[in-house]
Every structure is written in C-alpha cells, then in structure tokens.
Amino acid sequence: MSDALETLLRLRAWEQGKPINRGQRVNVAISDDEDIMSVAFLRMGGESRPWGVAFGNPGSPPTVLSVPDGRDQTLVGDTMVILAKALLEFFRHPGFSTSSPDNFEVESARQIWLPGPTHIEMLHFLALTYAKTRFKRDDVEVLQCLGNLANCLYIEHQRPGQQIVISAAAALRECFVFPSAAIRQAHLGHLLGWLKGGSSRADRIGAATRAEEQSVATMLNPELERSSLEPLVDRWNEAKVSGNKTDESESERAISRLLTKELISRWNLTNDAIAVLRADQRKSNSGLSELVKSGARQFHELWGSRAVKEYDGDIPYWPNVYTDTNSKTSAFGYIMRNAANQEARARLVHGDRELQREQLAAGHGVIARVVSVSAAAASWRLQYSYPPLPTIEPGDYFVIAGSPTEQFVVRSVDLESREMEIEPQWKKGNSKANPPKLGPTDSSWKGRELVLLDDAPFSLTRNLAFRARKRTTGVSDILDLVQPYVRNQATNDELGAMTEVGESE
Amino acid sequence: MGAAARRENPDAPRAGQSPFALALGRTFEARLIDQSAELLLESLQRAGVISTTSRDFEDHRWRDNGGKLGDLDSSVEKGRLFLGDLAAGRPFNGVISSFTVRIPKGIMLPEANLIVDVLAVQTGGEIPVIAVGEIKTYPDQGGHTSRADLATARAQMGLYVHALEVTLAAQNLTNKIKVDTYGFLVLRHAGSMNPNIRAREDLRYQRERARRGFELMESSALRLNGRYGGGEDEEETDLMDLVLNASTSFQDSCVAFCERAASCYSKAMREDRGVALGDDVDKFLNGVSLSRAIELLRGQPATNAVESDLFQRMIDPLPELP
C-alpha cells in the first residue's frame, strides 16, 4: 500500500472516530487455541535474559514463571529450561514431543503469539544468550535447543507473509486502520483501546491514551522498578546473604506477585487481540491456507529439519545469531524474502477485492473487457480501461483475479487503441469445479469485464535464490568478487573470548 | 525538558531510567577496568583497536564515578596534562577510562565538561593517535542491533571527537596529536557481563554534525543574551517561561524521547493539527486543519486553492472493480 493511501485511510478512520477495516477479509491466519502458544516476557532493566515469562494456550490459564532477581543466571536458566521444554514440545521437537517437525504436512499449523515488537526481540535475546552457550549445567542442551528455536522464530518473523510468529499489535494493524500516529501504534493497549474503548471518538481516544500509560513492552515502567521492585530485590539479596529464610521467601513472593500481575496483563492483551480478530465479521482470506502450508514447509527447512538432524546425532549448521557473514548466504536470504513477498501477495490478492484494487493502483494488473475469443487459435482480444497507461509488455503473464489457475500470456499490446491480445494457458474447462471453470475457447467469455493481475513468479524467484547461493569457481558471479567480510570486532560470552565461526563457504 | 514538562503538569511521569539498568551500567564499566583493564585491553586488541602489545592503562575517574581522583576538576587537569605529556613524547599504548575534557568557554556559552568513556591511545606511529570509545550496556545484537541506539552512540562519539579537537587546539597541540575519526563501541554480550567490541565506527560525519551543533548553540546563546539555565526543576520562573512559551515543533519522534511529548500532543489535538495523527498526515494536509479536512471529505466545497488541492488528493485513488 502506498504511503499516501495509508495517510488517506487514517484520515477516514479519524472521520469515523474509530478504526476502520483494512481489506475485505481478515488477512492474518489464526490457529485454534490448542495450536497457539501465547507468550509474554518481562526483563529487568538493562538485562537481556527474561525476568519472567507467561505462556500457554489462550483458552487456559497461563503458566507464569519469574525469579526474584533477573540477574541470577542460574535461576533464570532454571525457568528457561521449563519454557524451553514447553516451546519445544509445542513445535514438535522430537526430543520433547511424540510427534516430529517432519510431520508438518499432516499436522496442524502452530503459531506463537506475542504482544509486540519488544517481545519478538526477546526471541533474539534468547538466541544470543543460549544458542551457543557454554554455560555449565546438566540441561544445557535444552537451553541450546531453546536458543536455536528462538533464533529460527526470530528469523522466520522477518519473512514476508509468514504466519508462525505473530505480533498481536502487528496483526491488529494488518486488519485495521487506526486513526493515530504510526509511532503510537506499536502499543498493543493503545490499539485495543481504540477498538474496544467505547462508542465515541472521544471515548476511544481516552481509552487508548490511558492504555498507553501502562507498559506492554518487556521492560517495566522505571517508576515501578524504583518504588516497588528495587527495595524488594535488595531485601531478597540481603536475606539470601544473611540466611534469613523468612525474609527471603517473603520478598520472593512479593516480587513474584508484582511480576505475575504485569505478565498476566501483557498475556491477556495478546489474547484480547486474538479474540477481537476472531470476532471480526469479515471472512478469512481464502489464500491464507496456502500461505500457511507454504510457511510450514519453509519453517521446516529453517528449523524442523535441523532439529531432527541434531536429535539424530548429526551436527546441523544452525543460522548465525548475529547476521549473515557470507555474501552468498546473504544474497540467498535477500532473494528468498523477495520471493516470500511475491508469494504472500499472490496468495492473498485473489481472496480480497480491496487488495486487488491496491494491486491495480500499484500497476500490478489491468481491468479489461473481452472483445473477442478466437475458438481456433485460443487467443483473446481485450480492451483495457484501467490503468490508462499500463506497463504491460508482450511475454508478461497474468491471471484472472480470484482464479489464479486461469493464466494468460500477453502476445501484443497497442497503447493507442488500448487493446491487447492474450493467450490463455489452460487447456479446458471443468464444469464440476466450484465455481465451474470455463474452457479458454468458450464464447461466453466475450463481453465480460475482468480484473487481470500480474502472475507473481515467486517460484522462479526462489530458483534464482538457490542459484545465487550455489558455489561457483569462475569469475562470472559478482558474489565471488565480494571481498570476504573483515571482522573488526571481538566477541565474548559468559566464559570469555569466543571463537567466531562464520557461515560455511 | 523534564523540568518544563513538570512545570506544565506536576503529575507528568518522569522518563527516568531503570534503577537496575543504572546499576548494571556501573557494574559493567567497573568490570571492564577491573585489574588494570585486563578484559578491556584484551578485547580491544582482538578487535584491532589497539596493537596486541598495548598494555598501558590509566583511570581518570573521579570519586563520584567510582575513581580515585578527588573531583571533576582533577579529572580535567589530569586529562590536560596527559595530552601535554603525550605531545611531548610520552610513550603510551593502551586505554584511559573516563578521559575528561573541558571545552573552553565560548563567547556566550559556558564551558562544558565531557567524559569520554574510553580513550584508546597509540604512540607507535609518527605522532600519537587517540580514538574515542563509547560504553553501552545494551546487548550487541549484531546486524539486528537497534539502528536508533547505534546512531545515538555514534552521535555521542562524534561529539567527543570534536571536543578533543577543540581541546587540542586550545592547548596548541593540533599538529602533535591526531584524533582518529574512527571510534569503537563497547557493548555487552547478551546474557553476560563481558564486552563485545565493534571497531571502525566511522565518525567523520558525526564530528561535522557536532561542530555545526556547537556553532548553532553559540549563535542561539548570543540571541538569548546570556539568559539560559541548567534545566533544573527549581529554575527561575522567567527562564522556564522562556522555554514553555517558545514555539515547538511536535512530531512523531518526540513521543520516543521527550517528556513534554504528552502536552505537545494534547496541544496539537486542541489546535486541530494534522500532526496529532502523525507526521505524514500533517504533511498531507498542508496546513489545513483536521476538522476542515473532514468537512472536505464529507463533501463541503473547497474555499481556496490549498483546500482544492487537498480535496483532489483525498479522492479515492483506487479503481472501482467490475
């Protein structure tokens, strides 16, 4: 969507005094309760490990874990082992569940929902902390598995169109246009305030503004830390040193009460967002199921197959937690994300007429009337009415909006008369299909006005990505000329200097 | 701005920092320079900031910052003497913690003290080279580290480079010591208290930005004719009024850092300005008020060229589907 259109929609939402629908369909997949793991984190100021976490399926009370002092590596590690086992079982890691990621084609699609961007970032912190940890404890492998899963979830979240790692705030923005500044829309409470805060614009603004006063991020309000938590944490540490068990357990309980309240509030907001989306009157986009299937396959390549390999005793190559350090891997990732973007557009546009309008306005298609259908040569003549000056060229591929299997190739275009000749690529109709599919030479096509959309060649783009990644020996590949990345950095983990391992060539 | 925000609204929340984050910052910095900065020196050597034989360390922190020097003036004096010694040929290969410089008084601006977290020094070449380093306690996320955080740290380092150049000029040492325009960041490794070093941070443009910033501040101070304060809550009322009544330019980015953002936002709402819905809406409306834009959306005729232009841009740009 163009920036100007987004601005205009925001003005319309303001005019109506409430969020307005974005699109005619809900374009976010929402799994059933048992296939959703809703997770909310808290971290102590300055720390990157979680101080507490709430997780569970939306329909049941969550498991809430916290430690008295978020700086205590061992205590945090203990809670993360519990979270790890739950998450790894949820994503069907063979070591923690009776199923396997290899069953992705037959098992239900699973999702992790988090309140917003800082909670997604927490996945990266878990990856940085645990994926390659040398922390000496018996169950360190469980933490390493958590680190690698968290890293893959963090990477997956960046893939356009993915439906596995969902930020509740982003999901709401995907389905509604909110009448407030973009910077305020990262706050899940603000968005829910607009959606559920009353019947008038003033009521909704009030609710959204009040909600903003409560932190929904992984960090607590500094004032709460200063006035309530800091004295309790100090008391707990002092009691531990002095051996005052009563004081230690009392302060621990008080800290836990405060953190639990904050965690539950974030966890509930996430589930409120899910409930709002489920209650929406709009239907789900019919293209989502294909997108979910495709995403499951890609997440299996990213994480599942590696987890299985590791479980079987092999040593898989896990993605680098910092970045791609190899030009070919970077090129592969970049082109694959382009392909994912094309795929998401192609899968969703047929199910949502509002998206079709946006695609046409962006120059990705034409509105045309069928002037003639040639029975013998299977070619059609069309007269297009929109856009006035399309960028169509002979050889371009189009599909009929809402019917992606009905594909054409453009043979000629006359910009003066606004006429084009196209060749249908399907061979015959299917009267038993729902709706029935006409054959390409069927005369009833004549006179119809059609929306034709670019046929996004995402599978070709994917092939290009694999070619970019392929190792070559000649000088014809520009990536071979890229100088190896020279590191000007030094990395230390909890035990000291780390040997930096780059991506395998 | 915090003081101004509380003057406008005594209940305005103090942005403040987490007490745990502050404590962590102190612990992290202390750990880096513990045992003659062994950990810091080794890491900087590995990142190529200093040579592998660099072992020298000096602690210029004053008492309030956990050091041994008596007060801020002692730190400043120690820094000044160090630069003089260095220019005179003192060999030093290593780092100095909390290297403190005092930017001389401008025509109107008061003198300013700046504390460089870490100063790397190399005297093996033709003339000594000093490089600034900034310690940040947020974790190094590699390519995913917040761009805004990195930009802030680089801006800070650019300011230090400029301040060191001004200080050297004031001591007539410009040609005797070179300030490196590449600095380094000392971040934390996630989940540990050990550092990750990011070297070769290009500070040329940030230094230029700092230099220009100082010029602008000086000219602003000239216009104020000496009427400026320290930004404290108990500031004289007339000085605070100067701030409170100055025109502001509320925009999206204010929400992220300014304690007055809430009152500026309310003011934008009261004044019916598009910026209340974001920078993009403000630009789109081109000076037309929000309520007038809504009236145009609802079909009221435009009364001038600006409104006509806006009306044209508000017509649905999407095609009708068959």
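Just so you know, these numbers come straight off a predicted model, no measurement behind them.

Further remarks concern the overall build of chain B. Across its full length, chain B holds eleven helices and seven strands. At 25 Å, chain B has a C-alpha radius of gyration far larger than the 20 Å of a compact globule built from 322 residues. By its C-alpha atoms, chain B is 80 × 55 × 40 Å across when sized along the principal axes. The buried share among the 322 residues of chain B stands at 34%. Of the contacts formed within chain B by residues at least 6 apart in sequence, a portion of 58% connects residues at least 24 apart.

Bringing the domain arrangement of chain A into the picture now. Taken domain by domain, chain A consists of domain 1 (3-323) and domain 2 (355-457). Each of domain 1 of chain A and domain 2 of chain A was reduced to a C-alpha centroid, and the two centroids are 44 Å apart.

Right, let's get into the interface of chain A and chain B. Contacts between chain A and chain B engage 53 residues on the former and 49 residues on the latter. Counting residues per element, the ones that place at least two in the side of chain A that touches chain B are helix H1 (3-16), helix H3 (117-130), helix H8 (222-242), helix H12 (353-361), strand E13 (449-454), strand E14 (489-490), strand E15 (492-493) and strand E16 (496-497) of chain A. Looking at which element gives the most residues to the side of chain A that touches chain B, the answer is H1 of chain A, with nine residues. Class assignment of the residues belonging to the side of chain A that touches chain B gives a composition of 22 nonpolar, 14 polar and 17 charged. Here two bridges tie E14 of chain A to strand E7 (residues 195-202) of chain B, and the two strands are oriented antiparallel to one another. Looking at E7 of chain B, one finds that Ala-490 of chain A is bridged to Ile-197 of chain B.

With that settled, consider the domain arrangement of chain B. By a widespread convention, an interface's size corresponds to the accessible area lost as its parts come together. Under the domain assignment, chain B is made up of domain 1 (19-221) and domain 2 (239-314). Between domain 1 of chain B and domain 2 of chain B, the C-alpha centre-to-centre distance is 41 Å.

Backbone torsion omega between Tyr-386 of chain A and Pro-387 of chain A reads -10 degrees, so that peptide bond is classified as cis. Of note, Pro-387 of chain A is situated in the loop between strand E9 (379-386) and strand E10 (397-400). For Arg-92 of chain A, which is not glycine, the phi torsion reads 65 degrees and is therefore positive. Along the chain, Arg-92 of chain A turns up in the loop between helix H2 (73-90) and strand E5 (111-114). With phi around 50 degrees, Gln-35 of chain B is a residue other than glycine that occupies positive phi space. For Gln-35 of chain B, the location among the structural elements is in helix H2 (residues 19-46).

All names here are of chain A. Within the closed barrel, the six strands sit side by side as E8-E9-E12-E11-E10-E13. Their pairing is antiparallel. When strand polarity is set aside, the average angle formed by the axes of neighbouring strands in this sheet is 45 degrees. Direction of pairing for strand E8 (residues 365-374) relative to E13: antiparallel, over a ladder of five bridges. Its bridge partner lying in E13, Val-366 is registered against Leu-452. Set on the sheet, H12 makes contact with E8, E9 and E13; between it and E13 the angle comes to about 70 degrees.

Glancing now at H1 of chain A. The end-to-end C-alpha distance of H1 of chain A is 20 Å, a good match for the 20 Å that 14 residues give at a rise of 1.5 Å each. Every buried residue of H1 of chain A is accounted for by Thr-7, Leu-8, Arg-10, Leu-11, Ala-13 and Trp-14 of chain A. Summarising the contacts, the buried residues of H1 of chain A are in contact with strand E1 (20-21) and strand E7 (176-177) of chain A together with helix H9 (279-285), helix H10 (290-297) and helix H11 (305-314) of chain B. Note on H1 of chain A: the residue one or two positions beyond its end, Gly-17 of chain A, has a positive phi of about 75 degrees.

On to the sheet that holds E5 of chain A. All names here are of chain A. Across the sheet, which stays open at both edges, the five strands sit in the order E4-E3-E2-E5-E6 with mixed pairing between neighbours. Every other strand in the sheet has two partners, leaving strand E4 (63-66) and strand E6 (165-167) as the edge strands with one partner each. The average angle at which neighbouring strand axes cross in this sheet is 20 degrees, direction not considered. Sheet topology places strand E2 (residues 36-42) next to strand E3 (residues 52-56); five bridges connect them, and they run antiparallel. Within the sheet, the bridge partner assigned to Val-39 lies in E3 and is Phe-55. Sheet contacts for helix H9 (residues 245-279): E2, E3, E4 and E5; angle to E2, the most-contacted strand, approximately 140 degrees.

About the cut-offs
- Residues numbered from 1 in each chain as written.
- Chains lettered and ligands numbered in written order.
- Predicted model: local features only at pLDDT ≥ 70, side-chain atom pairs only at ≥ 80, totals over all residues.
- Helix = DSSP H or I, 4+ residues; strand = E, 2+ residues; numbered from the N terminus.
- Rg over C-alpha atoms; globule rule 2.2 N^0.38 Å.
- Buried ≥ 20, exposed ≤ 12 C-beta atoms within 10 Å, placed from the backbone.
- Contact = placed C-beta atoms within 7 Å.
- Domains from an automatic or database assignment.
- Nonpolar A, V, L, I, M, F, W, Y, C, P; charged D, E, K, R; others polar.
- Pairing = 2+ DSSP bridges.
- Axes fitted to C-alpha atoms, helices over the stretch in contact; angles between N-to-C directions.
- Expected span 1.5 Å × (residues − 1).

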